[in-house]
Every structure is written in structure tokens, then in C-alpha cells.
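Reading the structure
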Protein chains: 2
Amino acid sequence: MLTRKNDRLADPAALRQKLLNPRSIALIGASDDATKNAARPLTFLRRGGYSGTIYPVNPRRNTVLGERAWPSVEALPEVPDHAYVLVPTEAVVDAVAQCGNFGVPLVTVLADGFATAGGIGAARSAQLKQVSEETGVRVIGPSSLGVIDLRARLMLTANASFGEPDWPVGRIFAASHSGSIIGALAARGKARGIGFAALVSAGLEVDLGIGEICAATLDDPGIDGYLLFLETIRQADALRSFAQAAAARGRPVVAYKLGRSAEARELAVTHSGALAGEDDVADAFFAACGIARVDTFEGMIEAMPLLRRVVPRARERAPRVGVVTTTGAAAMVVDRLALRGIEVAPPSQQTLAQLAAAGVTVEEGRIVDLTLAGARYEIMKAALDTLLAAPEFDLVVAVVGSSARLNPNLAVRPIADCAHGPRPLAAFVAPDAPEAFALLTEAGVANFRTPESCADGVAAALTRRAAVPWSPAPRPAAGKPRALDELAAYALLDRVGVPRAPAVALDATLAPPPALPFAYPVAAKVLAADITHKTDVGGVALNIADGAALVRAVAELRGNVQRQRGTAVERVLVQPMVTGVGEVLVAYRVEPEVGPLVMLAMGGVLTEIYRDRVLRLAPVDVVTAREMIGELKGIRALSGFRGQPPGDLDALAQAIVALSQLAADPTIVEAEINPLIVRAQEQGVIAVDALVLRADEREQTNG
Amino acid sequence: MLTRKNDRLADPAALRQKLLNPRSIALIGASDDATKNAARPLTFLRRGGYSGTIYPVNPRRNTVLGERAWPSVEALPEVPDHAYVLVPTEAVVDAVAQCGNFGVPLVTVLADGFATAGGIGAARSAQLKQVSEETGVRVIGPSSLGVIDLRARLMLTANASFGEPDWPVGRIFAASHSGSIIGALAARGKARGIGFAALVSAGLEVDLGIGEICAATLDDPGIDGYLLFLETIRQADALRSFAQAAAARGRPVVAYKLGRSAEARELAVTHSGALAGEDDVADAFFAACGIARVDTFEGMIEAMPLLRRVVPRARERAPRVGVVTTTGAAAMVVDRLALRGIEVAPPSQQTLAQLAAAGVTVEEGRIVDLTLAGARYEIMKAALDTLLAAPEFDLVVAVVGSSARLNPNLAVRPIADCAHGPRPLAAFVAPDAPEAFALLTEAGVANFRTPESCADGVAAALTRRAAVPWSPAPRPAAGKPRALDELAAYALLDRVGVPRAPAVALDATLAPPPALPFAYPVAAKVLAADITHKTDVGGVALNIADGAALVRAVAELRGNVQRQRGTAVERVLVQPMVTGVGEVLVAYRVEPEVGPLVMLAMGGVLTEIYRDRVLRLAPVDVVTAREMIGELKGIRALSGFRGQPPGDLDALAQAIVALSQLAADPTIVEAEINPLIVRAQEQGVIAVDALVLRADEREQTNG
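Residues numbered from 1 in each chain as written. Chains lettered and ligands numbered in written order. Predicted model: local features only at pLDDT ≥ 70, side-chain atom pairs only at ≥ 80, totals over all residues. Heavy atoms only, no water.

Looking at the overall build of chain A
Scanning chain A from terminus to terminus reveals 24 helices and 33 strands. With the C-alpha coordinates of chain A rotated into their principal frame, the extents come out at 95 × 80 × 35 Å. When the 703 residues of chain A are sorted by exposure, 61% land in the buried category. Considering only contacts within chain A whose residues lie at least 6 apart along the sequence, 74% involve residues at least 24 apart. Carbon and sulfur atoms provide 51% of the accessible area of chain A, an area that totals close to 25600 Å². Within chain A, one finds 70 positive and 76 negative side-chain charges whose respective centroids are separated by 2 Å. (Helix = DSSP H or I, 4+ residues; strand = E, 2+ residues; numbered from the N terminus. Buried < 20%, exposed > 50% of the residue type's maximum accessible area, 1.4 Å probe, protein only. Contact = heavy atoms within 4.5 Å. Areas by Shrake-Rupley, 256 points an atom, 1.4 Å probe, with all protein chains shown as cover. Lys, Arg positive; Asp, Glu negative; His and termini not counted. Charge placed at Lys NZ, Arg CZ, Asp CG, Glu CD.)

This is the structure we're talking about:
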């Protein structure tokens, strides 16, 4: 019997207080055996110096680790702000129900076995979700290693890392699907003098997701940046709402997401039960959210000072980086930046002149190489002052060699002293140089331990998009959608404004022989909503030269379809043949988690093999559409490659924008134009085939 | 006036002694100002405790840093084993000449300005090379920060890092184009307990190259692995000879090479004057040399224990890795491994049963996830013992979470205790955990600080090839080669055994009209050695249906060429039209630095844009040719993709092998078959066009 006892912490401030600053905590299933994971939260809370009330709950003991234990949550003298449920998997649902019935507003669940165990796990998750909804208790986890707020000395966690003392307090909030990762991040940060405000292990997110958890801290003045470790994307709308609000407050959000490879996506499924989409879907989601995505583990914590400085860029030109160095190690950073598509630009003649005037003489080249002789305060400072003021750079990277280790005053201190220059600044230090790292961190200059994380952090900062304004919208109903026939699909293209070839629908008997409203040569195709792959059933004839050939072609086409599908062809669609300088594929579809997407690809077998495609959340504006075109590698074939005439890419951008407007229609599940013929410049683009899937049932909103 | 005084250290043992264990050292241009780079070698040698004789040479001072200084090298009481020339750029050539005339066998040059300053730099380099050749003095550098042998306490270097005491002595020999990097590597190694035997900053390699330097240490019993930091590839034959000898001794060679991006290759040019080839040329070179290539800076030093254990793989099947973990952080390693093409394989049913029998119960999945509860010695040890004995894995990666930091005895010590198991073992530790790293390094288990370097090191070890047996061969003469006409090119294909279409050469007047030895339809092409791009001048006609069409087509073709080139077409080549399931491009060419290469690509505009091609040094055997086919992404289009008939890839492999045999003919500079038609299985491949460039002049050998 479940009883509704509270308002599910609808007020973010209330959630934040229960989460990060609880006045009292119950530890349900706290163990007396100090070697057990279920003993850790009590040990760590005491060791950390938490000043609120702690209620160990253990029905089989009067004391736990020397403290009074309570037989049940109902026996407690007050309703605790937060309960950490440490009981075995099988006992979790009952324990959470008891908390809910008693009015506990927030519960965190340690146990796993809610996803990995297959059907049983899914059933347990559903039960837990139901208990949460019916009693109003909010749930973090399961598979949550807990919540840490270093400001409140709140070590409510089973992560062994937090048994140690003396954590630096910082202004970063970390949320992670993996509970182990929060310990690893905090420990790596500590070794570098980088502190956190709070860290949450979100686990499987059966109720409270990372988006809602983070959103609860948006008014926390002690937090100025978010770090997300994601195994997959769940509760996408809440995550996007949070990211949009964080962007509005100028708080950067950086994410590391597993699943660049299919293998890791499969792991995410077995680990968390979440169906992870293709990785570029996640990229599109992050881009729309204004979330910076890093690809290196340490880049996650190292990049934050840079993200605080780099305003999401205007997208009309590629970002440019200037590099100044005392060592050949800079080339490693240049190499990695180039692979990420970030241009390291040479200083302009004017900048070179200013460098010379400041006493810095360097050879002309892509980077400003001060050489070993330049490892002196005045030289590095003058070089940085000049480069940071130069209009040609969006960001400056300084790379220091051996001197950084033995005498940071030579070439590292001037970098620290430029922390507040007119452009963002990042540093890579080649040797192991703890003092140099500390100096730079203290000054607020993003400093990187490896050339790989340096390039990663710089690329993540420079390619981050401004969050696209958005509010949650209805999604198509679940279930199997139905296909429209090609004529109905064209009507939809006409509605949103994608140019398409003229088309007439004819009775397949071709009696009487038709007078076409356009000239030969033409194409003829079977017209039937249930035949979505017309070519596969011999249902397409191209380059038909005249009326007699049309009659023959349609007869053959009818025979093919009759043989292959066993059905009679009743209608055919006839179109003029359209040629251009090339073809692309443009598609729209609604992904279950992240919602409407628009895709641009080259089409054809090879580009499918090479996976050359670009995705964005729909709808997109023309600036974003142009950006998509620029990111499609194969588009070079339509950009005047090797003397070929360039295609009308402006019209292509318009068509992408138009198709992406389908996001306003919650009945459309999928729409694919393949091919979209791209004609020469100023001659437009034209769809010559289209497939649309529409949901029949009523609309629904994604949670 | 230059005098030949020695034998250029032809004996490697002599070179090694002068290089790593000199009995006496002259410091030419040693500075009395302790803040100057030219003062460092004396300071560091003394601080390090070098026990040989040191002769500071400075014509302007009687003492340098409190020691007696000599006015010139000729004034020294003996011929020193090694001279470090610390004078300014302009004075270098004279100083080295004096050393050479005095009989100094080995000189290292600090100064730069031998490449970066353009024409002047090149002239200086040529002078230096001449001095070396005429006097017999061997030269390291210029731009060399010196030589360090930690066993001999030889800190003959201007790299500031080596001013500090207490370097761990190890068994790795490092050679680097960048002098800064040797300090960074040593410092990063020191922080991890990883020591070096010796390190050499090779600079511009005007005389002694990295290959020859490393080769001199092959009989050094204190060295068991080589680490190369390369900005480019110079003296490729010497490098390959060394790598082959190292492989024969079972000593791994690992390389980090700049130039994954075009930007970094450009930097290498400005930095070192060397013309760097495309990056996949370097990959092909390393593969043939049996050199493991890493892509991360720290992976370079972290991977060595793994390389010592992993025997270069038999190439008939892809390597498989098993992963065991206590933390979700393992997924980061899986993700990166998959992106590098390394399969993380699930344990077999038998292995799962053995795990269960050993008391390790895990859920089925791609990795063996012991979870937080598995962070115990017995569990991890039992899991590792089982996985390391399982036949399905070539290598096992263990990933440990937070416990590694606070109690390495739980899950890290069992990894250390499995160092000598039946399979190679690598470890990634998620938190900052110095004690765990030290424990693993001490035990000889490769341990990685980041998931990126872990995947990099594992991939580098597993994809390393066995060195291909080789001896230096003559190369085509320099200068402009001449093209063969298509008929002559076919004769060459016939000689090496690449199948090609039948072809007849006809007088372009087609008088009398020809009787062809094959059926229509045919293709006709202009036949002239000086027209290498026939299509571009309208010199190709395809799908000619009959004799009358042939006459028309050839007339048109003659007109085209006459218009576009202003020359009369005298002969045409006629071939039957050949069809298949697809086309590829196979090419052979001699690269100036690394020598003969064979290339496989898909051909066509899009694959050129996607840069889908695979290179190997030529000649190749059929196993390597199959491996090349497997690495070409686009080959999926010819492998039964989406129901298409698969192509005859066995015949393709034979054709690659055949074309690569051109390496035996030092007159051939380039040979390209584009396209090579791939027919259905068991129907072979057939060349329908070929372009061959032959060197006219006499043969020469590459140094």
C-alpha cells in the first residue's frame, strides 16, 4: 500500500537542499562490517565532518560501527531529508516504498541488478519507478554510488575515493552515470589542484535524471560549470532544458560520452538498459544544447577554465588558433588540432612586426617558435601579450618545454600572468611539471597534461555551439507508422517548400495512352504506399525516350512487381528525367530519445560505407544548414572538385532548412529524399524521390 | 684545409663507446655565464658525476665556471672522444672542421639555423656534411640538445631537465629529432618510475641519423627497447636496417611520428628541412620495419613493457582483447580500442564456466565486469588467471577504479602478480593512483594513465607487424622519368603477371578498316606516350558497338586531340569492353625517402575525397596483399555488400603481389592501373588502363 506524501520536490531549490545540503540522512541497511560497501557512507560522512543528523537503519543490530542504529525508517524520530538505500537488490523496492510512505522526499539507491539482469532488472526498475510516482519520493539511481558536496562536507557515498580527507573545494558540479568515475575525476582533479563543488552518481536514472539534478543547482552561487560523464542519453528533454538554462547563465557544460564505437554503445545497453543511438545523434544533440563534447578523460576536467572563457562561436567562419612555444613538442598539439579540424593560423605580417617591436624575433611560420632561447619571462610575456591582442586568433595555445619543470618562472609564470588577456589562453607543458600545473591552475589558465587532451579541450571549446532556443514539443505516437505513397510524399514536400520534380499519377493500364505535361525522356515508377523500395521489386524505369517506350516500360514494370510481390500495379508515377552536377540524400526523422533530426549525406553505396553524413536536431536555420554542408566530406565533389561545375549549395541549404520544418508536425516520423538532385549554381535542387512515414495514432509528448 | 683523420667510426662498437661512454669530452664554446645554454653541459656533467675528463674550450677565457679552459681544440693535451660544439650558428662549420682536423671522432652540434633559415641553412648543412665526409668526423645534429647515458652519468646536454639529480636507470634507449622531447620523456618516465638507459637528441641528422645511432647500441646489453620521436623520416634505409636487426634480437622499437595532419608535416619541413611524405607512407614504412607506432605522447613510454611481451602477430586473424574490470571506466578503453580496430571479445562459454568454477560470477557480456564488489585480491586474481589462460584472447586489459588509489592491494596487486602469465597484460587505472602505478611498473606490467594511451599502447602492440626481410636495393635515378605508351605499359604488366585486357594498336587512319581479334563492343583510346591523361583531351571512346561506329569514334577522337593538343593522333589502342562487379586502383611508386610502395584504392572522385587507400612497402607477399584488401574501407562494396555479387578478391590479392614485384626493377618509378576491373568470384581481375613512368638514367642507391 503506497501513500502519496509529498510533491515530488517540484521546487528546484527544495531538491537542491535535500540533495546537497540535507539536514538529516538515513542510511538504510548500513553495515556494521567496516569492509563492506554498505558501511562506507557512515564512515565517510563521519570522517568528512558532516554536521547534520545521521540515522543508521538496520533491523538486526542496535548499533552500527559504534553508533545507535534504528530498526526501520518508520522508527526514526523525524522524516530525514535524504535516505541512502544500501540494502541488497531484492530488498530495494520495499525499502524505497517504506521511505516514500514515511514521507522521505529523496532516496538514493546503491544496488545494481536493475538493468544488467535482463527481464528481472527491467521489472525491478518499473516497480521502483511506480513506487516513486505513487508515493512522491524522488529516486536517484539505482546503481548510484551517492552524492558528495565538498562544501557541506557531505560524503554520502560508497565510492572508496571519498574515504580520504582534504579535498579541494571548487566550483564545478559533476554528474555521472558511472559512480566509479566521480571518484576518478575528483582524484585526478585533486592531483592538479582542481576542485569540485559537488558530484552526483546518477546511475540508471529511473526517476531523477542528470538534467533535472543539474537543473536543481542552477541557482547555486557556488557552481559555475558542469561536467557530465554519460554512458548514454536519457531524459533528453530535461537535459536539454537544463543545458539551455545553463547557457543562459553563462555556465559551460562539458560532456564526455561513451559510444564513439558500436562496441561501447552495446556496453552502455548491457550496463544501463538504455538504447543508445548512433554516436553522431549524440553529437547533434550536444550541438543543439550548447554542450561541449570532449573525447579525452582528462580533457574533461582540464578544459573547464577554457570553456568559461570561450564564448560559443559565431559559426560563419572556422576558428583560428595561434601557437607560441619554446619547444618542438608544440607540433604534437598542432597535429592533433588539425585532425580535429581546428586551424592553427600563422601570425599576420602586422603581428610579426609587433612581435619584433616587442623584442621577439621569430622565423615566419605557422607557429611562433621562441626556441630554447625564448624560455625567458620577458620574451614569453611579450609574445603572449602580442598574440592575445592579435585579431587573427580566437584563442592562443602556449607550449613550454623542459624549463617548465625546473624553473616555472621563466616561461610558465608569464602564461599565468596573461590569464585575463583579451583572448582565451591554454597551456600544454611537455615534461612532468607539478609546480607549473599548480601555478597555471591557480591563475585560472586551462593547462593540459598531454598534447591529446590539450587539442581535445581547445577543439571542444572552439567548436561548441550556442544553445539553440527550444521548448519541448509533442512527438509522434509510438507504434508502427504507415508509409505515404510518393505523390502524397511530394505534397508534404510542397507544403514545407522543398523543390521536387513534376509528377503525374497514371492508371497503370495506360489506357488511353497519356499526353504528359512535360517532355520526354521520363521516368516511371510503381505508385503504391506499401511498396517503399520500388527499385528492389523492379518497379522503376528510367530514361524512357517516348510514348511507345513508356507503354513498354510500364508493362514490364507491372510484370516485375506482379512476379516479385504477387500484387497488381494499379497506378504509376511518371516524372521528367532530371539531371544535375550530383546527388545528395536529405532526410528527417524523429529519434526516440533526442527527437527530430535532419540529416545530410551523399547517398550511394560508398558514402554509406564511409559513413559520411551530418546530423542536427531539427528544425535548423540556414546558418546551421550551411554548416552541415561544410561538414559533409563528400560535398567537395559538388564544390567544383577537379574542374567540375560547382553545385547550387545555397539551394541545398534552403532545402535542408525546409525539410527540417517537419519538426513542427508531430505526425511525421520520417521523411527521406533520395536522391535530391543538385544542379549547377543558381539552378537549384530538385527532389526526384521521397519516402514519408506518418504516425497514425494520437500525438504524445516525450518525457 | 681539411684532413682525413679517422675511419668515420665504421665499427658500431667504437661509435657506441664514443657516444655513450666517452673517456674525454671537449665542450667547444663552453660559457662562463651559468644562465646560458652553452654553460649547461659542463654544469650538468659535473652535477651528474661524470668520471671522464672534461675540456672546456673557450678562446676568450682562462677559466670557465671555475675550471681551466683551453684556447682551442688543437691546444688540448689529447684528442677527446667526443666534442660538443656549443658555439653560435655562424661559427659551427669552422669549429667542427677544427675538431675533424684534430682527429676528434665524434662531434655533436647544438646550434640551430641549419634548416629554418631557408637557403642559408641548407648551405650551412651542406658545408657541415662536407666537413664530416672529408675529415672523417662523425656529426650528431645540428640542433642537437646532446647525449645522455644515465648509466655512465653522462649528462652531455643543454636540456635543462638534466640539471636535476636522481634519474632512474632503465633499459630503454630513446632517440628524438626534437631535443626538448628527450627531457619531457625522461621527466614523465621519472614520475612513473620508468627509467632510460640513454637518450640522444639527433637533431637534423646531417651525418649520423637515428638509424645508425640506434644500430650502434644493438650489442649494448643494458638496452632492451627503443623509443623514437620522429618529426619526419630521414635516412630510411639505415633506419630500416636497424629496425630489422632490433627485431632479430627481440628488441621492440616504438615510434611516435609527427605528421598525422598536413599542418604538422608542413611544420616538420620548416623545422627540419626534410620533405615529409604523406602520413600513410610512414605507416607503411613502420609496418615493414616491424616498428610499433603510437599516437599518444605518454603511450610512447607506457607501452614498452607490453611491446616486450607481444610477439608481432600472425596476420591471418584480427587480434582479440579480453577486458576485466571493477569499474565503468573500462568502457572508455573499449571505446578507444574499437575505434583503433581492435576487437574486445567476450569470454567464451568455457571461460565463463572456468570463471564460475574459480568463484568469479559475472554477467555475460563483452567485458568481465567484477563490479565494485569484485575489488578484492582473490576475485581479481582468479579472474586474471582464467582470462590469461583462455585461448580466445591475445592480450588482457585490466581496469581498476577507486580502490586502486586507496588500497592497491585489493585489485592492483593481483594484476602485478600476473605479470608473467601466459598472455600479455596491460592495466588502466581510473583515479590518480601513484602507488598503483609504481607497483605495476615494478612488476613489469604496462600501466597507463589515460584510457586513450591505454588503447593506443594496446593497439600499437597488437597491430605491429613482423619486420619484412629486406636488404637495400638500387633506386631509380633522380630526374624526370618518361612515360611509356599504354601498349608498352601492358607489356610490363604481362612481365610481372597482372592480367589485362587484350589490346591491338591500329594506325589512326583505320585504313584499311580493321578486323579485330575480339568481339564488339570495344573501347578506343589515343596511343601516345606523351598523352598520359587521355580522357582529359577527349582521347577515349567507350562502348563502341560495331565497325562503323569505331571509324566514327576514332575520327572524333582524332579531332578532339588535334583541337586540344594541337597534335595529330597517329595510333589508337582498341580493347574489348570489360565489365565486372566493380573497380579498384592499384599502383606502384618509388618514394624518394622510403623507396618502393604498392597502393590499393577504390578509385573515383569520392574515394579520393575520403582518402581511402592502403599502402605497403613493395614487394608484398599474398598475406600482406590480403591484409591490404581487408584494410580498404570501400572494399565492402566488392565483398557482397547489400546483396551484390562479391568480387574475386583472391585474384585482386594476386594482382597486388604481381605489381609489387616491380620493386625488383630499378628503372620503374611509377605504375598505375586505373581501373583494375574486379569480376565476380573465380572470374579474376583485369587491367583496362595502365600508366608507367620509367627512369632513363643510370641506377642509383639510396643512402
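Next comes the rest of the write-up.
Considerations on the pattern of salt bridges
Within the structure shown, the criterion is met by 92 salt bridges over all chains. Measuring nitrogen to oxygen at the nearest pair gives 2.7 Å for the salt bridge that ties Arg 613 of chain B to Asp 280 of chain B. Here Arg 613 of chain B is found in strand S29 (residues 613-617), whereas its partner Asp 280 of chain B is found in helix H9 (residues 279-289), with 333 residues between them in sequence. Judged on exposure class, the residue Arg 613 of chain B and its partner Asp 280 of chain B are both buried. Among the ionic pairs, Lys 525 of chain B bridges to Asp 689 of chain B, the shortest N-O distance being 4.0 Å. A residue pair is termed long-range when its members are at least 10 positions apart, and Lys 525 of chain B in strand S24 (residues 522-526) and Asp 689 of chain B in the loop between strand S31 (685-687) and strand S32 (690-694) qualify at 164 residues. Looking at Asp 689 of chain B, the relative accessible area reads 18%, which means it is buried. What emerges from the salt-bridge pattern is a single network uniting Arg 188, Glu 298 and Arg 449 of chain A together with Arg 188, Glu 298 and Arg 449 of chain B. (Salt bridge = Lys/Arg side-chain N within 4 Å of Asp/Glu carboxyl O.)

Description of the interface of chain A and chain B
Accessible area lost when the parts come together is the quantity often used to give the size of an interface. Of the residues lining the interface, 80 residues belong to chain A; the matching set on chain B comes to 80 residues. Summed over both partners, the interface of chain A with chain B buries about 6600 Å², with 60% contributed by carbon and sulfur atoms. One can count six salt bridges joining chain A with chain B. The residue Glu 164 of chain B makes a salt bridge to Arg 405 of chain A at a minimum N-O spacing of 2.6 Å. Take the side of chain A that touches chain B: its biggest share by element is eight residues, from helix H5 (residues 179-191) of chain A. By residue class, the composition of the side of chain A that touches chain B is 36 nonpolar, 19 polar and 25 charged. (Buried area = accessible area lost by both parts, 1.4 Å probe. Nonpolar A, V, L, I, M, F, W, Y, C, P; charged D, E, K, R; others polar.)

Focus on the packing of aromatic side chains
Residues and elements named next belong to chain A. Evaluation of the coordinates by the stated rule reveals 15 aromatic pairs over all chains. Geometrically, the ring pair formed by Phe 229 and Tyr 256 is stacked, given 5.4 Å between the ring centres and 5° between the ring planes. With Phe 229 in strand S12 (residues 225-230) and Tyr 256 in strand S13 (residues 253-257), this pair connects stretches of sequence that are 27 residues apart. Judged by its relative accessible area of 0%, Phe 229 is buried. (Phe/Tyr/Trp six-rings, centres within 6.5 Å; stacked < 30°, edge-to-face > 60°.)

A word on the state of the cysteines
Each disulfide consists of one covalent bond between the sulfur atoms belonging to two cysteines. Inspection of the entire model under this criterion finds zero disulfides over all chains. Sulfur of Cys 214 of chain B: no disulfide; nearest cysteine sulfur belongs to Cys 289 of chain B and is 12 Å away. (Disulfide = S-S within 2.5 Å.)

Concerning helix H13 (residues 349-357) of chain B
Residues and elements named next belong to chain B. All of the buried residues in H13 are Thr 351, Leu 352 and Leu 355. For H13, the angular spread of the buried residues around the axis is 100°, confining them to a single face. Projecting away from the buried face of H13 at angles above 90 degrees are the exposed residues Gln 349, Gln 350 and Ala 357. Residues of H13 that are buried sit in contact with strand S17 (368-369) and helix H14 (377-389). Downstream of H13 by a residue or two, Gly 359 has a phi angle that is positive, lying close to 85°. (Arc of directions from axis to C-beta.)

Observations concerning the side chain of Glu 452 of chain A
Mapped onto the elements of the fold, Glu 452 of chain A is located in helix H19 (residues 451-463). For the buried Glu 452 of chain A, no salt bridge is present, and the opposite-charge side chain at shortest range is Arg 336 of chain A, 5.1 Å distant. Reaching out from Glu 452 of chain A, the side chain makes a polar contact with the backbone nitrogen of Phe 297 of chain B at a distance of 2.8 Å. If we ignore the near neighbours within four places in the chain, the residues touching Glu 452 of chain A are Thr 296 and Arg 336 of chain A together with Tyr 256, Asp 295, Thr 296 and Phe 297 of chain B. (Polar contact = N/O pair within 3.5 Å; in protein donor to acceptor, adjacent residues only side chain to side chain.)

With respect to the sheet that holds strand S1 (residues 24-28) of chain B
Residue and element names in this part refer to chain B. Taken together, the five strands give an open sheet; going across it, the order is S2-S1-S5-S6-S7, and neighbouring strands pair in parallel fashion. A single partner strand is all that each edge strand has here, and the edge strands are strand S2 (53-57) and strand S7 (138-140). When the angles between neighbouring strand axes are averaged without regard to direction, this sheet yields 20°. (Pairing = 2+ DSSP bridges. Axes fitted to C-alpha atoms, helices over the stretch in contact; angles between N-to-C directions.)

Let's talk about the relation of the copies chain A and chain B
Between the two copies, chain A and chain B, the superposition gives an RMSD of 0.0 Å; the rotation angle is 180° and the shift along the axis is 0.0 Å. Those values place the two copies in the arrangement expected of a two-fold rotation axis. (Least-squares fit on C-alpha atoms with pLDDT ≥ 70 in both.)

Focus: the nonpolar core
By size, the foremost hydrophobic cluster in this structure holds 118 residues, and its most contacted members are Leu 227, Val 397 and Val 458 of chain A together with Leu 227, Val 397 and Val 458 of chain B. Each residue touching Val 397 of chain A, except ones within four places of it in the same chain, is listed here: Val 321, Gly 322, Val 323, Val 324, Val 333, Ala 426, Cys 454 and Val 458 of chain A. (Core = buried A, V, L, I, M, F, W, Y, C linked by side-chain atoms within 4.5 Å.)

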